Amino acid sequence: MTAPATKEPALITLTIDGRQAAAAPGTTVIEAAAALGIDIPHLCYCPELPSTGSCRLCLVEIEGVRGLVVACKREVAPGMVVRTNSAEIRDARRFVVELFLSRHPRGCLTCEASGRCLLQRYAYELGAQHDRFPYEDPGFAVDDANPFIIRDPNLCVLCGRCIRICKLQGAGILDFIYRGLDTKVGTPWDRPLLQSGCDFCGSCVGVCPTGALTEKPGRGRGREWELRKAPSVCNLCGAACAVDLHLKDNTVVRASSPRPTGFLCGRGRFGWTRFSHPERLTAPMVRKGGVLEPVEWEEALEAAARGLQTVWRKWGSGAVGGVLGTDVSRETGHGFLEVMRGGLQTDRIYSTLSFGGLDVLCDLQAVSGGRYAALADVAAADVLLVIGDAVRRAPALWASINRALGRGAKLIYVGPYRGRLARAAGVWLRPRPGMTAVVLQRMAAALLREDGKARLPGRRLDNFADFLATLDTVPEGDPGSGVSDVDVSAAAGLFGDPAARAVTVFAVDGVDRSTARAAVNLALFTGRGERGLHPVAAVANAYGLIGTVPRGGTGRDATPGAENILSAMERHRAWYVLAEDPVSSFPDPERVRHAMEKADFLVVQDMFLTPTAAMADVVLPASGIPEENGSITDVTGNPVRFRQAVTAPAEITNLQILMEIASRLEPRPAGGDERRPPGKESPLASSPPKAMFLPVGIDGAAGEDSSGLWLVGWASRTGPLFHPRLRLQDFTVLEPYGGDYVSLAPEDGAALGLEEGTEVMVRSPSGRAGTRVKLDEGLERGVVLVSPDTPLARAVMGDRWPLGPTPIRLTPANGSQGRDGDR
Ligand code: FES
């Protein structure tokens, strides 16, 4: 039996300015006109945002209707006859514009929005007089006390677009405040943006029709008519958002979403500053007499190739180690692999993902082949299971989750922190550190008890019986997990609804391997395959590079742990580091520094002179994403391609540099290197993906011992940006104490005699480091959060970096960083 075809509603025909139009029911006149290419002047209307009809500029005539009508609110009707540009309409619009001008400063000569300001455009086009009404200075204070957004309410026309987009993106910071002529757009208690809880996604700037909201970093760097737009992709997290770069000559001066209401987080909208940063490397350098000196490209490439090859020839396969950044293109990654494997006979390539994330990626690849739900699927879900700090690692998620919640979706949140996710959740599960996998297993066990195995879609998988056997061992009740059976059942009931489109969201580098496996099992158990999983990453091209970084850099073990990785690193005699700063971004910085320092030869290819680059024998200036052609792979498994928009300061791309080095490496000996040619095995190539349940090992240390403090890696509000490599330190102002702090429950603070801002020493079995205390009511006792990208986390988490949980002691500070191993 074939399903009845869904009937498209009949189109409505109407006439606009003498032209025939056809529009779907519910279309507004302004939208129908836009479809014909007729632009009706508007200020408050913005496509994809609900219309408010407040500015009264989009006035049109409709035959048979008395007076003028606002086109952004009036829906089309059959036979409607619309005129958009009569003398009467223009008079009315001019009157409206002149009223706006009576309270709008006339500083167009210096206004940043000149050339893109709609009020300026309409005033000119309608011949508005700025002295028709007496001018009254609104006299509002300007808010520019942050690095990103200048908010000048004097230039505001109260269209409310910023308020609507702020709500749509899930922030809800902006609203109209005060009354009458004092009305303005403001924050709660009229605080500056920096103190309002704003995430600085800049969506409000993107829809502002005047100069009331402008980007601070781009100020004075180019007039609208001097700029050209080039499509690109943001590589500051795994969401791979499309971005339009605004370019003046060869310089990026602004970034925006291709759609007015498309979401870009603060990183995407303001992170472009790294491309035109004055500290960008512009020429290669070679160390001479202990000092790095600028040289010609030929000399630098020769020196790099010769130095690496000399070490390989002397010490053999594996003598050279590689470090590959996670924000490079797939092409650059594969080029690097070619140089390392083909030219230098080594597969020892390390990445920040080696320490956490690569193991999860390999598991995911094994069961699904790397194709998952898109952000649009998250927004369209009926039930969302969100685990951990994924939203902080990939902020575009929150905008999509918020859209789903707006449609009535149910949210199950699993995490320790009472933030906006917990507040929005229908069910909030708050496991003890290290116990998330147990709680997810208990959800599966609850579903089994409820539904019986005969009705569970997962029964079709080969190893269903094995999985059932593991569920038999899942304890009922609350054996240290911190979550009651009632809550587990409530979550299972929501998630198990067979009619619901359920999507599980987590960050591959934000959960431990057991948690990821338990989440995958739960999705498979309830019949949600890869389209029911959205495993993002905090880094840009995790899915594009997992075949490039061979199993954590240590050969066959996919989860070697920080200690094993660092030990392996210490054995290399030379290094090629591309787009990464391991001295700042790997755990145990002193040990990494020592491993690099004692090497015979170090080549670093990066955009800036990082601490690692400063130690190098050869420094090669790297290109950024807008400076290359290439692609990265997003969470759906699809390549997101980008084209070169500008030329790199050093006028050469990463891939060209790699090809030049490869061409200078002598061909490998006939028959290969008899000492030990590297294997070609890749985590991806071993076997085709097969949907199957994965074994789950439970750590649970913190669950057994709930008496002490446990340090947990939790991405900061602005994401993992606090290493200096990309010169994005502006973002640190969004964090208390510049990001250098640990958060703990006020009750723990009181018990330890610690107040807000107290300087403390954090001690763990692995090390100690000083920091400050932030008392946070969103936490419960025993849990201490730290951003994994901080020096503190790297110093004290030891083998459990970057996520923990790590047992710690907190005492008022009385010394500096170092190892003591006491607890
Ligand atoms: Fe229609 Fe403002 S655009 S009332």
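Values in this document were obtained by computation on a predicted structure and should not be read as measured data.

Asker: Teacher, can you tell me more about the overall build of the protein chain here?
Answerer: Scanning the protein chain from N- to C-terminus turns up 25 helices and 32 strands. Rg of the C-alpha trace for the protein chain: 29 Å, near the compact-globule value of 28 Å for 823 residues, within the 12% margin. Expressed along its principal axes, the backbone C-alpha trace of the protein chain runs to roughly 90 × 70 × 65 Å. In the protein chain, buried positions account for 60% of the 823 residues. Sequence-distant contacts, at least 24 apart, represent 73% of the contacts inside the protein chain between residues at least 6 apart. Accessible area of the protein chain: about 32800 Å², with a carbon and sulfur share of 51%. Each charge sign in the protein chain was given a centre, from 93 positive and 94 negative side chains, and these centres are 3 Å apart.

Asker: Looking at this model, I keep getting lost on the sheet that holds strand β10 (residues 228-233). Mind explaining?
Answerer: Reading across the sheet, the three strands line up as β10-β11-β12 and stay open at both edges, with antiparallel pairing between neighbours. Every interior strand has two partners, whereas the edge strands, β10 and β12 (251-256), have only one. Pairs of neighbouring strands in the sheet enclose a mean axial angle of 35 degrees, with direction left out of account.

Asker: Before we go on, may I ask you to explain the packing of aromatic side chains in this structure?
Answerer: One pair of aromatic rings is described through two measures. These are the centre distance and the angle between the planes. This model, assessed by the stated rule, comprises 15 aromatic pairs. For the ring pair Phe 148 and Phe 200, a centre distance of 5.6 Å and an interplane angle of 50 degrees mean the geometry is tilted. Of the two residues, Phe 148 sits in the loop between α3 (118-126) and β6 (149-151) while Phe 200 sits in the loop between β8 (184-186) and α5 (203-207), which places them 52 residues apart along the sequence. Of the residues examined, Phe 200 reaches a relative accessible area of 1% and is grouped as buried. Ring geometry for Phe 464 and Phe 693: centres 6.2 Å apart, planes at 40 degrees, overall tilted. In this pair, Phe 464 is assigned in helix α15 (residues 464-472) and Phe 693 in the loop between α22 (654-664) and α23 (701-704), connecting sequence segments 229 residues apart. Residues Phe 464 and Phe 693 agree in their burial class; the two are buried. Ring pairs connect the aromatic residues Phe 148, Phe 200, Phe 270 and Phe 731, which therefore count as one cluster.

Asker: Hey, could you run me through the sheet that holds strand β18 (residues 410-414) in this one?
Answerer: Think of a sheet as strands paired side by side through backbone hydrogen bonds, with each pair either parallel or antiparallel. Pairing is parallel in the open sheet, where five strands are placed in the order β19-β18-β17-β20-β21. Only two strands of the sheet have a single partner each, and these edge strands are β19 (427-429) and β21 (533-536). Between one strand and the next, the sheet's axes are offset by a mean angle of 15 degrees, whatever the strand orientation. Taken together, the four bridges between strand β20 (residues 502-507) and β21 define a ladder with parallel strand orientation.

Asker: So what exactly am I meant to see when it comes to the nonpolar core here?
Answerer: The nonpolar side chains of soluble globular proteins are, as a tendency, buried together. Leu 364, Leu 429, Met 443, Phe 506 and Phe 525 are the most contacted members of the largest nonpolar core, which totals 57 residues. A per-element tally of this core places helix α17 (residues 513-525) first, with eight residues. Counting 51 residues, the second largest nonpolar core, distinct from the first, contains Leu 247, Val 536, Phe 608 and Ala 745.

Asker: What am I meant to see in the confidence of the model for the protein chain here?
Answerer: Detailed conclusions should not be drawn from predicted coordinates in areas where pLDDT is low. Averaged over all residues, the pLDDT of the protein chain is 90; the fraction at 70 or higher stands at 92%. Across residues 552-558, where pLDDT falls below 50, the model places 22 contacts with residues more than four positions away in sequence or in other chains. The low-confidence segment residues 815-823 (pLDDT under 50) makes 28 contacts with residues lying over four places distant or belonging to another chain.

Asker: How should I be thinking about the pattern of salt bridges in this particular structure?
Answerer: Pairing of side chains with opposite charge becomes possible as their charged atoms draw close. One pass over the structure, following the stated rule, counts 39 salt bridges. The salt bridge partner of Arg 259 is Glu 48, with a shortest N-O separation of 2.6 Å. Of the two residues, Arg 259 is situated in the loop between β12 and α6 (266-270) and Glu 48 in the loop between α1 (29-35) and β3 (59-62); the sequence distance between them amounts to 211 residues. Classification of Glu 48 by relative accessible area gives partly exposed; the value is 47%. Among the ionic pairs, Arg 306 bridges to Glu 302, the shortest N-O distance being 3.9 Å. Placement of both Arg 306 and Glu 302 in helix α7 (residues 297-315) is noted, with a separation of four residues, approximately one turn of the helix. If you follow the salt bridges from partner to partner, you end up with Glu 298, Glu 302, Arg 306, Glu 660 and Arg 664 in one network.

Asker: Explain the pairing of strand β11 (residues 242-248) here, please?
Answerer: A regular strand places its side chains so that they alternate between the two faces of the sheet. Burial runs high along β11: five of the seven residues are buried. The turn linking β11 back onto β12 is made up of two residues, and Asp 249 within it adopts a positive phi angle of 55 degrees.

Asker: Explain helix α8 (residues 330-343) to me, please; I cannot follow it from the model alone.
Answerer: Side chains that are three or four residues apart share a direction in an α-helix, a result of its 3.6 residues per turn. The terminal C-alpha atoms of α8, which comprises 14 residues, lie 19 Å apart, in line with the 20 Å expected from a rise of 1.5 Å per residue. Within α8, ten of the 14 residues are buried, leaving the element largely enclosed by the surrounding structure. Residues Thr 332, Gly 333, Gly 335, Phe 336, Leu 337, Val 339, Met 340, Arg 341, Gly 342 and Gly 343 constitute the buried set of α8. Against β15 (320-324), β16 (349-350), α18 (542-545), β22 (574-578) and α22 lie the buried residues of α8. Of the residues trailing α8, Gln 345 is marked for its positive phi of about 55 degrees.

Asker: Would you mind showing me how to read the packing of helix α9 (residues 358-368) against α17 here?
Answerer: In helix packing, the relevant descriptors are the interaxial angle and the interaxial distance, both defined with respect to the helix axes. Running from amino to carboxyl end, α9 crosses α17 at an angle of 25 degrees, the nearest separation of the two axes being 9 Å. Taken together, the axes of α9 and α17 lie roughly parallel to each other. Viewed along their axes, α9 and α17 form a crossing whose handedness is right-handed. Contact residues: Asp 359, Val 360, Asp 363, Leu 364 and Val 367 in α9; Arg 513, Ala 516, Arg 517 and Val 520 in α17. A breakdown of the residues in the contact of α9 with α17 according to their chemical character gives five nonpolar, no polar and four charged.

Asker: Teacher, can you tell me more about the packing of helix α14 (residues 436-451) against α15 here?
Answerer: Interaxial distance between α14 and α15 falls to 10 Å at its minimum, and their mutual angle equals 105 degrees. Classified by the angle their axes make, α14 and α15 are roughly perpendicular. Each of Gln 441, Ala 444, Ala 445 and Leu 448 in α14 lies in contact with α15, whose residues at this interface are Phe 467, Leu 468 and Leu 471. Here the residues of the contact of α14 with α15 are counted per class, giving six nonpolar, one polar and no charged.

Asker: Help me understand helix α12 (residues 396-406), please; the structure alone is not making it clear to me.
Answerer: Most of α12 is tucked away, with eight of its eleven residues classed as buried. Within the sequence span of α12, burial applies to Ala 396, Leu 397, Trp 398, Ala 399, Ser 400, Ile 401, Asn 402 and Ala 404. Positive phi shows up at Gly 408, right after α12, with a value of about 100 degrees.

Asker: Help me out: how do you make sense of the side chain of Asp 363 in this one?
Answerer: Among the structural elements, Asp 363 can be located in helix α9. Setting aside its immediate chain neighbours within four residues, Asp 363 contacts Arg 513, Arg 517 and Leu 694.

Asker: Is there a simple way to explain the state of the cysteines in this structure?
Answerer: Note on terminology: disulfide describes a covalent bond linking the sulfur atoms of two cysteines. In total, this model carries zero disulfides according to the counting rule given. There is no disulfide at Cys 234, and the cysteine sulfur nearest it, in Cys 265, is 6.0 Å away. As a non-bridged cysteine, Cys 241 has Cys 237 as the owner of its nearest cysteine sulfur, 6.0 Å distant. Its relative accessible area of 17% is what places Cys 241 among the buried residues.

Asker: What am I meant to see in unusual backbone geometry here?
Answerer: The phi angle of most residues is negative, glycine excepted, and most peptide bonds adopt the trans form. Omega for the peptide link from Trp 801 to Pro 802 comes to 10 degrees, which places this bond in the cis form. Structurally, Pro 802 can be placed in the loop between α25 (791-796) and β32 (806-812). Cis geometry is adopted by the peptide bond preceding Pro 805, which originates at Gly 804 and carries an omega value of 0 degrees. If you trace the backbone, Pro 805 turns up in the loop between α25 and β32. One non-glycine residue, Asp 17, lies in the positive phi region at around 50 degrees. Relative to the helices and strands, Asp 17 is located in the loop between β1 (12-16) and β2 (19-23).

Each value, and the rule that gives it
Residues numbered from 1 in each chain as written. Predicted model: local features only at pLDDT ≥ 70, side-chain atom pairs only at ≥ 80, totals over all residues. Heavy atoms only, no water. Helix = DSSP H or I, 4+ residues; strand = E, 2+ residues; numbered from the N terminus. Rg over C-alpha atoms; globule rule 2.2 N^0.38 Å. Buried < 20%, exposed > 50% of the residue type's maximum accessible area, 1.4 Å probe, protein only. Contact = heavy atoms within 4.5 Å. Areas by Shrake-Rupley, 256 points an atom, 1.4 Å probe, with all protein chains shown as cover. Lys, Arg positive; Asp, Glu negative; His and termini not counted. Charge placed at Lys NZ, Arg CZ, Asp CG, Glu CD. Pairing = 2+ DSSP bridges. Axes fitted to C-alpha atoms, helices over the stretch in contact; angles between N-to-C directions. Phe/Tyr/Trp six-rings, centres within 6.5 Å; stacked < 30°, edge-to-face > 60°. Core = buried A, V, L, I, M, F, W, Y, C linked by side-chain atoms within 4.5 Å. pLDDT = per-residue confidence, 0-100. Salt bridge = Lys/Arg side-chain N within 4 Å of Asp/Glu carboxyl O. Expected span 1.5 Å × (residues − 1). Parallel < 35°, antiparallel > 145°, perpendicular 65-115°, else oblique. Left-handed = near helix turned anticlockwise from the far one by under 90°. Nonpolar A, V, L, I, M, F, W, Y, C, P; charged D, E, K, R; others polar. Disulfide = S-S within 2.5 Å.

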